[in-house]
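# Examination of the molecular architecture
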Amino acid sequence: MTRTLPALGPTRPLTLPDEAERTLDNGLTVLALHRPAVPLVEVRLWVPFGGAHLARAVLLSQTLLSGTGERSNVELAAELQTVGGGLSAGIDPDRLMVSGNGLVTGLDRILDLMAEVLGGAAYPADEAATERDRLIDRIQLAGSQPAHLARVALLKRMYGSHPYAVQTPDADDVRAVRPDDLRALHAQRVQPAGAVLVLVGDVPPERALDAAERALGGWSGAGASVELPPTPPLEPGPVLLVDRPGSVQSSLRMALPAVPRTHPDHAALQLANLIFGGYFSSRWVENIREDKGYTYGPHSLVDHSVAGSALVVSAEVATAVTGPALLETVYELGRLASLPPDEDELAQARQYALGTLQLGVSTQAGLAALASAYAGAGLRLPFLAEHAARLAKATREDVAAAAAAYLAPARAVTVVLGDAELIADQVGVLSPTVREAAPS
């Protein structure tokens, strides 16, 4: 029996919290956002790290919290637990991120311990060796995963000689890293100039700023930041077949041009991507998942990095339907790039985009993540309201123009990883191909 879905409700205005900002004498920018829902505070520190030696940078992020001159990693964790808190570190091609949370009453202690780590991380030899071995294990495990191998091939195809082209370190490079290398990299790159600290929680913004200045005002560093060059334009060409003999499925990856968050086309492109494949009700998902059963979870997203943005399309499909799945992907991209979406499609995508923004700022952790990501791009929280307004005003014609400019299949870089003996003919009838072996 066919059921009629209820009409979509009205979109609520985006409500943003009070925000205060202060740049300390050492160059650290602190943003404080008041969110009083629960008596907790979220902490996000964004340190520019693009262009650092990859193996050393990744291992530094894994060992940053392994101890200081005053405390071991166990003692650090115990101190944080006394205020219901914790800290973790991670890295991406642009930044070193130190994240944490805890009770509001423990904010001063969390910031003091963060300052201790930033100014005096010791990188003890035993902890560095343990984390080095763990990282090598993860790299080797990833090397057996088709999705990882497809991503590696796509990044190289997209970025060429740009630093973004390689985002997983070589295991041999990791083996060569020693604690002195980590200490030297820390001295060169873990510095306050250009870094952004975001604090979100049930604490008045000025009080949060004062706490940050007391704890981190003495953090210093003499190193120099590195500005990455802009990403190169995508160069469409033959489909790259990455041969993985015996693979029972194929990994389809495409990269298409995109624009940064500040570009006038950004909102329209976001809506175009949603209509194509950016959420469950999209055309592409309906086509190759619901209608044809070629795959379980196809998805597309606009990936924003400091040096450039790209729209990435991904799906895992059975070997036997590799060609047909690629054909339907190209068809859906071409259809949207050629014909405007209908009003119902646009309304549904718009509601999803606006609703996602609402959800993103509805929790302290979500708000901290958004504020930090935007601050890393030089933006502040009011930009969310401006972006929401652009999403609300985008017309069918705006979305059609963005789709024509950025989603045309002829502009795509395409990689297919799978058993080349079984898929080469399927793909070859759609496009010229070149072949390379998957890393062993």
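Details of the structure are given in the entry above.
Report on the accompanying structure. Please read all numbers here as calculations on a predicted model, not as lab measurements.

### Regarding the environment of E332
Inspection of the secondary structure puts E332 in helix α11 (residues 322-338). Owing to a relative accessible area of 4%, E332 belongs among the buried residues under this scheme. A C-alpha to C-alpha distance of 9.8 Å links E332 and A408, two positions 76 residues apart in sequence. Leaving out residues up to four positions away in the same chain, E332 has contacts with F276, R283, W284 and N287. Within the local environment of E332, its side chain forms a polar contact with the side chain of N287, the two groups lying 2.9 Å apart.

### Quick word on the layout of surface pockets
A volume near 1100 Å³ is recorded for the largest pocket. As for the largest pocket, its lining consists of 47 residues, of which D92, P93, D94, Q167 and S305 are closest to the centre. Breaking the lining of the largest pocket down by element, the ones donating at least two residues are α1 (54-63), α4 (125-142), α5 (146-159), β9 (299-305), β10 (308-318) and α13 (364-376). For the lining of the largest pocket, the element with the most residues is α5, which contributes six residues. The class makeup of the residues in the lining of the largest pocket is 28 nonpolar, 11 polar and eight charged. Taken as a whole, the second largest pocket holds about 540 Å³ of empty space. Looking at the second largest pocket, it is lined by 20 residues, and the ones nearest its centre are H266, Q270, V302, H304 and T356. Those elements giving two or more residues to the lining of the second largest pocket turn out to be α9 (266-278), β9, α12 (343-360) and α13.

### With respect to the nonpolar core
For soluble globular proteins, nonpolar side chains are generally found buried alongside one another. In this structure, L33, L271, L384 and L407 are the most contacted members of the largest nonpolar core, which totals 65 residues. With residues up to four places along the chain from it excluded, the contact list for L271 reads L346, A349, R350, A353, L391, A394 and V399. Judged by nonpolar contacts, the second largest core, of 55 residues, contains L24, L96, V104 and I139.

### Brief notes about helix α16 (residues 420-428)
Inspection of α16 places A420, I423, A424, Q426 and V427 among the buried residues, and these make up the whole buried set. Those residues of α16 that are buried are in contact with β7 (239-243), β8 (249-257), α11, β11 (413-418) and β12 (433-437).

### Side note on empty space enclosed by the protein
Inspection of every chain in the model, using the stated rule, returns one cavity of 30 Å³ or more. Lining the largest cavity we find L252, R253, M254, W284, V313, L326 and T329. Put simply, the parts of the chain that give the lining of the largest cavity at least two residues each are β8 and α11. Grouping the constituent residues of the lining of the largest cavity by class yields five nonpolar, one polar and one charged.

### A closer look at the environment of K156
Considering the arrangement of structural elements, one finds K156 in helix α5. Judged by relative accessible area, which is 49%, K156 ranks as partly exposed. Note: C-alpha distance between K156 and N73 (83 residues apart in sequence) is 37 Å.

### Description of α13
For α13, which comprises 13 residues, the first-to-last C-alpha distance of 18 Å matches the rise-based estimate of 18 Å (1.5 Å per residue) to within 8%. Looking at α13, one finds that the buried residues are Q364, L367, A368, L370, A371, S372, Y374, A375 and G376. For α13, the elements touching its buried residues are β2 (29-34), β3 (40-48), β5 (95-103), β6 (196-201), α12 and α14 (382-393). Phi turns positive, to about 80 degrees, at G378, one or two residues after α13.

How each quantity is defined
- Residues numbered from 1 in each chain as written.
- Predicted model: local features only at pLDDT ≥ 70, side-chain atom pairs only at ≥ 80, totals over all residues.
- Heavy atoms only, no water.
- Helix = DSSP H or I, 4+ residues; strand = E, 2+ residues; numbered from the N terminus.
- Buried < 20%, exposed > 50% of the residue type's maximum accessible area, 1.4 Å probe, protein only.
- Contact = heavy atoms within 4.5 Å.
- Polar contact = N/O pair within 3.5 Å; in protein donor to acceptor, adjacent residues only side chain to side chain.
- 1 Å grid on protein atoms, 1.4 Å probe; cavity = no way out; pocket = protein on both sides within 12 Å on 5 of 7 lines; lining within 4 Å.
- Points joined across faces, edges and corners; volume = space filled by probe spheres on them.
- Nonpolar A, V, L, I, M, F, W, Y, C, P; charged D, E, K, R; others polar.
- Core = buried A, V, L, I, M, F, W, Y, C linked by side-chain atoms within 4.5 Å.
- Expected span 1.5 Å × (residues − 1).

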